[in-house]
Amino acid sequence: MSSYAQPIYQGPGGNPFMPYLATTIEIVPETPNIKSFRLVINDPEARANFHFEPGQVAQISLFGIGEATFVINSSPYENDYLQFSIMKAGEVTSELHELSLRSQVGVRGPLGNWFPYDKMEGKHLVFIGGGLGLAPLRPLISYVLANRDRYGDLTVIYGARTPNDLCYKDDLAVWKRQGGIRVVLAIDQPAPGWEYKVGFVPAVVTEVAPAPENAVAITCGPPIMIKFVLQALEKLGFAPEQIYTTLERRMKCGLGLCGRCNIGPRYVCVDGPVFSLAQLKALPNEL
Ligand SMILES: Cc1cc2nc3c(=O)[nH]c(=O)nc-3n(C[C@H](O)[C@H](O)[C@H](O)COP(=O)(O)OP(=O)(O)OC[C@H]3O[C@@H](n4cnc5c(N)ncnc54)[C@H](O)[C@@H]3O)c2cc1C
Ligand code: FES
C-alpha cells in the first residue's frame, strides 16, 4: 500500500512487453463459467517485488494463444499467490479454463490505477457488485476490513443471475458471519431455498437506499448494471464525486502506448480502470 504515483511495469530485463513466468498453484471453480486461478511468479525476486493496489489489473498470457486483461483480486494480505477470476468468454479465456495445476502462464503487471482507499477514510462505504463485478471490489473490501477503524459503516450489495452465479461464496459467508459489514445478496429471479432478495441490483440499491451523507459508493459489474446503478445512486443524492466505478475497455499494450483503450483523451490502461463518476462525466459519451 503506497502513494498514488503511477507505477510503471518493468518486465524482465526492463522490457514492459515481456511477461514474468508464473505457475498455477490452485484453480477454484466459482460458478459454471468462472474459475479463480492462483498463480505464483516463478522468479523469486520478481515475486518479492510484485506489489499491487486494490483495483489494479494484469495482462495474463498463454503462449501461442494470446494475452487478456484481468483484475488482480487476491486480498492485499494474501501474500502467497496472485488470484485472477476468469470468465470463459472467447479464445484466451477458454484456453485458460483448460489449464491444470502447474501450468505456465505469463503475467504483465500490476497495471493501471486503483481505488483511492485513503481518500475514503472516515466515510461510510457502499460496495455494489454484479456477477464477476465483485472481483475488483474483493481486494478493496479485504483492505477496508483489515483497517476497519478507519472507515464508517460498510455495506455490500451483491447480485447475480442465480445462486450458482454468485462468486466468492466463502468470502460472502465470512463477511456475513463476522459482522462489521452489512451484506445484502440478491438474485434476478426467485429460486428454491433462496432466502435473500430477489431483483436486479439497481432496484435493490434503491430499496436498500444507502444514505449519501459522508458516503462513497463503489460499483462494478456488467455495463448495463452499472448504468442503472449510477442512476439509482444519483437519485438517492450521491454526487458524481462520491461514486467510483471501473471501466472495461479492450486493452493491448496496457502501457498507454498503442491507443487501443482510449476514451477521448484518457487511456483506460493507465488513467483507469478506476474512475469517479465526475471524471466519467467529463469524457466523451462513448461508453
Ligand atoms: C480493466 C479490465 C479488467 C478486466 N477484468 C476481468 C476479470 O477480472 N475477469 C474476467 O473474466 N474478465 C475481465 N476482463 C475482461 C477480459 O479481459 C475479456 O473477457 C478477455 O479479454 C476476453 O478474451 P478472450 O480472448 O477470451 O475473448 P475474445 O476471443 O477476445 O472474445 C471476447 C468476446 O467477444 C466475442 N467475440 C470474439 N470475437 C468476435 C467477433 N469476431 N465478432 C463478434 N464477437 C466476437 C466473444 O464471443 C466473446 O464474447 C477485464 C477487462 C478489462 C479491460
Ligand atoms: S492498451 Fe495500449 S494504450 Fe491502453
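Residues numbered from 1 in each chain as written. Chains lettered and ligands numbered in written order. Predicted model: local features only at pLDDT ≥ 70, side-chain atom pairs only at ≥ 80, totals over all residues. Heavy atoms only, no water.

1. Points about helix α3 (residues 134-146)
- End to end, α3 covers 18 Å across 13 residues, agreeing with the expected 18 Å (1.5 Å per residue, within 8%).
- Within α3, twelve of the 13 residues are buried, which leaves the element mostly enclosed by the surrounding structure.
- Those residues of α3 lying buried are Leu-134, Ala-135, Pro-136, Leu-137, Arg-138, Pro-139, Leu-140, Ile-141, Ser-142, Tyr-143, Val-144 and Leu-145. (Helix = DSSP H or I, 4+ residues; strand = E, 2+ residues; numbered from the N terminus. Expected span 1.5 Å × (residues − 1). Buried < 20%, exposed > 50% of the residue type's maximum accessible area, 1.4 Å probe, protein only.)

2. A short note on the environment of Leu-277
- With respect to the helices and strands, Leu-277 occurs in helix α8 (residues 277-281).
- In this structure, the C-alpha to C-alpha distance between Leu-277 and Ile-218, residues 59 residues apart in sequence, is 10.0 Å.
- Dropping the residues within four chain positions of it, Leu-277 is found in contact with Leu-230, Glu-234, Pro-240 and Ile-243. (Contact = heavy atoms within 4.5 Å.)

3. Re the sheet that holds strand β9 (residues 182-187)
- One open sheet accounts for seven strands, arranged β10-β9-β8-β7-β11-β12-β15; its pairing is mixed. Each end of this open sheet is capped by a strand with a single partner; those strands are β10 (197-198) and β15 (274-276).
- Note: strand β7 (residues 124-130) against strand β11 (residues 215-220), six bridges, orientation parallel. Residue pairing in the sheet places Ile-128 in a bridge with Thr-219 of β11.
- Contacting β7, β11 and β12 (243-246), helix α6 (residues 223-236) crosses the sheet at an angle of about 165 degrees to β11. (Pairing = 2+ DSSP bridges. Axes fitted to C-alpha atoms, helices over the stretch in contact; angles between N-to-C directions.)

4. Looking at the site of ligand 1
- Of all residues adjacent to ligand 1, which total 20 residues, the nearest are Thr-69, Ser-85, Met-87, Glu-91 and Thr-93.
- In the environment of ligand 1, an oxygen atom lies 3.0 Å from a nitrogen or oxygen atom belonging to the side chain of Arg-250.
- Against a free-state accessible area of 970 Å², the protein chains account for coverage of 61% of ligand 1.
- Among the secondary structure elements, those contributing two or more residues to the shell around ligand 1 are β4 (66-71), β5 (82-87) and α2 (91-97).
- Considering every element that reaches the shell around ligand 1, the biggest residue donor is β4, with four residues.
- When grouped by side-chain class, the residues that make up the shell around ligand 1 number twelve nonpolar, four polar and four charged. (Near = heavy atom within 4 Å. Polar contact = N/O pair within 3.5 Å; in protein donor to acceptor, adjacent residues only side chain to side chain. Areas by Shrake-Rupley, 256 points an atom, 1.4 Å probe, with all protein chains shown as cover. Nonpolar A, V, L, I, M, F, W, Y, C, P; charged D, E, K, R; others polar.)

5. Description of the domain arrangement of the chain
- Taken domain by domain, the chain holds domain 1 (12-111) and domain 2 (124-246).
- A C-alpha centroid distance of 25 Å is found between domain 1 and domain 2.
- The interface formed by domain 1 and domain 2 contains six residue pairs in polar contact (both at pLDDT 80 or more).
- Elements that contribute at least two residues to the side of domain 1 that touches domain 2 include exactly β1 (20-31), β2 (34-41) and β5.
- Here the element with the most residues in the side of domain 1 that touches domain 2 is β5; it accounts for three residues.
- Taken together, the residues that form the side of domain 1 that touches domain 2 break down as nine nonpolar, eight polar and two charged. (Domains from an automatic or database assignment.)

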